[in-house]
Amino acid sequence: SKRFMTDILRGRIGFQGVAVTDDLAMNGVAGLSYAEVCLKAMEAGNDLLESSRSMELDDAAWLRMLAEYRSSP
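Throughout what follows, the structure given in this document is the object of discussion.

The rules we used
The numbers attached to residues start from 1 for each chain and follow its sequence in the written order. Predicted model: local features are reported for residues with pLDDT of at least 70 only, side-chain atom pairs are reported and counted for 80 or more only, and whole-chain, interface and lining totals are derived from all residues. Side-chain numbers here rest on the full set of heavy atoms in the structure, without hydrogens or water. Starting at the N terminus, helices and strands are each numbered in turn, a helix being any DSSP run of H or I of at least four residues and a strand any DSSP run of E of at least two. Note on classification: 1.4 Å probe, protein chains only; a residue is buried when its accessible area is under 20% of the maximum for its type, exposed when over 50%, partly exposed between these limits. Contacts are assigned to residue pairs that have any heavy atoms within 4.5 Å of one another. For the accessible areas, the method is Shrake-Rupley and the probe is 1.4 Å, while residue cover comes only from the protein chains on display. Working convention for charge: Lys and Arg count positive, Asp and Glu count negative, and His plus the chain ends are omitted. Think of each charge as sitting on NZ of Lys, CZ of Arg, CG of Asp or CD of Glu. Note that the arc is computed from the directions linking the helix axis to the C-beta atoms.

### Brief notes about the overall build of the protein chain
And step 1. Tallying secondary structure elements over the protein chain gives 3 helices and 2 strands in all.
And step 2. Ordering the α and β elements of the protein chain from the N terminus gives α-β-α-β-α.
And step 3. The principal-axis extent of the C-alpha atoms belonging to the protein chain is close to 40 × 30 × 20 Å.
And step 4. Across the 73 residues in the protein chain, those meeting the buried criterion constitute 26%.
And step 5. Restricting the contact set of the protein chain to residue pairs at least 6 apart, pairs at least 24 apart contribute 61%.
And step 6. By element, 55% of the accessible surface of the protein chain is carried by carbon and sulfur atoms, the whole surface being about 5300 Å².
And step 7. Positive and negative side-chain charges of the protein chain, numbering 8 and 11 respectively, have mean locations separated by a distance of 9 Å.

### Some words on helix α1 (residues 2-12)
For an α-helix, the turn length of 3.6 residues means that residues three or four places apart are oriented alike.
And step 1. Residues Met5, Ile8 and Leu9 constitute the buried set of α1. Down the axis of α1, the buried set is contained in an arc of 125 degrees. They therefore lie on one face. Facing away from the buried surface of α1 by more than 90 degrees, the exposed residues are Arg3, Gly11 and Arg12.
And step 2. The inward-facing, buried residues of α1 contact α2 (34-44).

Have a look at this one:
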């Protein structure tokens, strides 16, 4: 969550290292597409997203994350 990753871990505790998710393809989040799970993990402040599934260049998750990256300052 953004509250934990950004507010607590980085803000209050002062962690400056690399934050890595667990495997996002394990279906740990119900009701969201894989692309939405990846995007939420990025928005929360994770630096590296782990996945046991390979994404093709036309995969919805990859395209969503690429669009988000390109639109950020």
